[in-house]
Amino acid sequence: AGSGYRFVDGWESAREELMAIDSFDPNARWDWGDADVVADASRFIVYPWRSTIVRLPDREHFHRLRTARNRFLLDDKEQDDWSGALIGVAGLSVGSSVASVCSLTGARRFRLADPDTLGPSNLNRLLGSVCDLGESKVTLAQRRLLETDPYTEVTPFADGYTEGASEAFLGGGRTERLAVLMEEMDNLAMKVAIRLQARERRI
């Protein structure tokens, strides 16, 4: 408390939900009533921009919780493929909502590109706050993804997508290629350029 950080214990609800999920799995091997099992599976996530520390299940168990209600939409292989897919989002006004929906369905790996900061006129299409005016759109999108799933991997491109950054953003050579590209940029020339580059890379 003296640090000024707020503490949130995510296990208060996670324990019951994990027990419910495991009740359908005859191979479940965890006793979530055992404090030592919970302690071993716990991770403490620090969110400095919120002055908050959250205790959550580890990467594996948090992912099981987050995707449990997808089971009638995606089978296990589809969920694993989607969770491991590298997704690029270029343009983070409309694109920030696209990235969030991908995250909500279990995607965990992103490259995000946008050179702009949040302005009042963006609030017609970007779920944001007037408290964040002037903040980088990449930073805001990254925070939103990490607050949804702290085990998400995000590579930010705060200068936006440029042809000079095409290999780093889209992939190729020694850089992993995107599995999916979501293009939501305003710049018409860049919209054409990124689509041509993506087609060349068979994205």
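Everything here concerns the structure above.
Residues numbered from 1 in each chain as written. Predicted model: local features only at pLDDT ≥ 70, side-chain atom pairs only at ≥ 80, totals over all residues. Heavy atoms only, no water.

Concerning helix α1 (residues 11–22)
Rules: Helix and strand definitions follow DSSP, with helices as H or I runs of at least four residues and strands as E runs of at least two, each counted in order from the N terminus. An expected span of 1.5 Å times one less than the residue number is assigned to each helix. Exposed residues in this analysis have more than 50% of their type's maximum accessible area, buried residues have under 20%, and partly exposed residues fall in between, with area computed by a 1.4 Å probe over protein chains only. The directions considered for the arc run from the helix axis to the C-beta atoms. The criterion used for residue contact is that any of the two residues' heavy atoms lie within 4.5 Å.
Its twelve residues give α1 an end-to-end C-alpha distance of 15 Å, which sits within 8% of 16 Å, the value for a rise of 1.5 Å per residue. If you check which residues of α1 are buried, you get W11, A14, L18, I21 and D22. Each buried residue of α1 sits inside an arc of 90° when the element is viewed along its axis, so together they form one side. Across α1 from its buried face, at more than 90 degrees, point the exposed residues E12 and E16. At its buried positions, α1 is contacted by β1 (6–9), α2 (35–40), β2 (42–47), β3 (52–57) and α3 (59–67).

Quick look at the sheet that holds β3
Filter applied, for reference: Any two strands with at least two DSSP bridges between them are considered paired. To get an axis, fit a line to the C-alpha atoms, keeping to the stretch in contact for a helix; angles then go from 0 to 180 degrees between the N-to-C directions.
Pairing in this open sheet of three strands is mixed, and the strands run β1-β3-β2 from one edge to the other. Of all the strands in the sheet, the pair left with one neighbour each is β1 and β2. For this sheet, the mean inter-axis angle between neighbouring strands, taken without regard to orientation, is 20°. Looking at chain direction, β1 and β3 are connected through four bridges and run parallel. Residue pairing across strands places V8 opposite V54, the latter belonging to β3.

Here we look at the pattern of salt bridges
The condition is simple: Salt bridges are defined by distance alone: a side-chain nitrogen of Lys or Arg within 4 Å of a carboxyl oxygen of Asp or Glu.
According to the stated counting rule, one finds twelve salt bridges in the structure shown. Note that R109 is salt-bridged to E176, the shortest N-O span being 2.6 Å. Highlighted residues: R109 in strand β5 (residues 109–113) and E176 in the loop between α7 (166–170) and β7 (180–183), separated in sequence by 67 residues. Residue classification places R109 among the buried residues on the basis of a relative accessible area of 17%.

Considerations on α3
Within α3, seven of the nine residues are buried, which leaves the element mostly enclosed by the surrounding structure. Those residues of α3 lying buried are H61, F62, H63, R64, L65, R66 and T67. Check the buried side of α3 and you find it contacts α1, β3, α4 (76–84), α5 (94–104) and α6 (137–148).

Looking at the pairing of strand β4 (residues 86–90)
For clarity, the cut-off: Looking down the strands as they point away from you, a crossover is right-handed if its path from the first strand over the helix to the second goes clockwise.
Taking burial as the measure, the five residues of β4 include five buried ones, the bulk of the element. Judged by which residues are buried, β4 turns out to be covered on both faces: L86, G88 and A90 on one side and I87 and V89 on the other are all buried. Bridge analysis of β4 against β5 gives five bridges, and the strand direction is parallel. When the sheet's bridge partners are listed, V89 is paired in β5 with L112. One crossover worth recording links β4 to the parallel β5 by way of α5, and it is right-handed. Judged from the four bridges that link them, β4 and β7 form a sheet pairing that is parallel. Of the residues in β7, the one forming a bridge with A90 is E183.

Interpretation note: all reported values are geometric properties and have no functional meaning in isolation.
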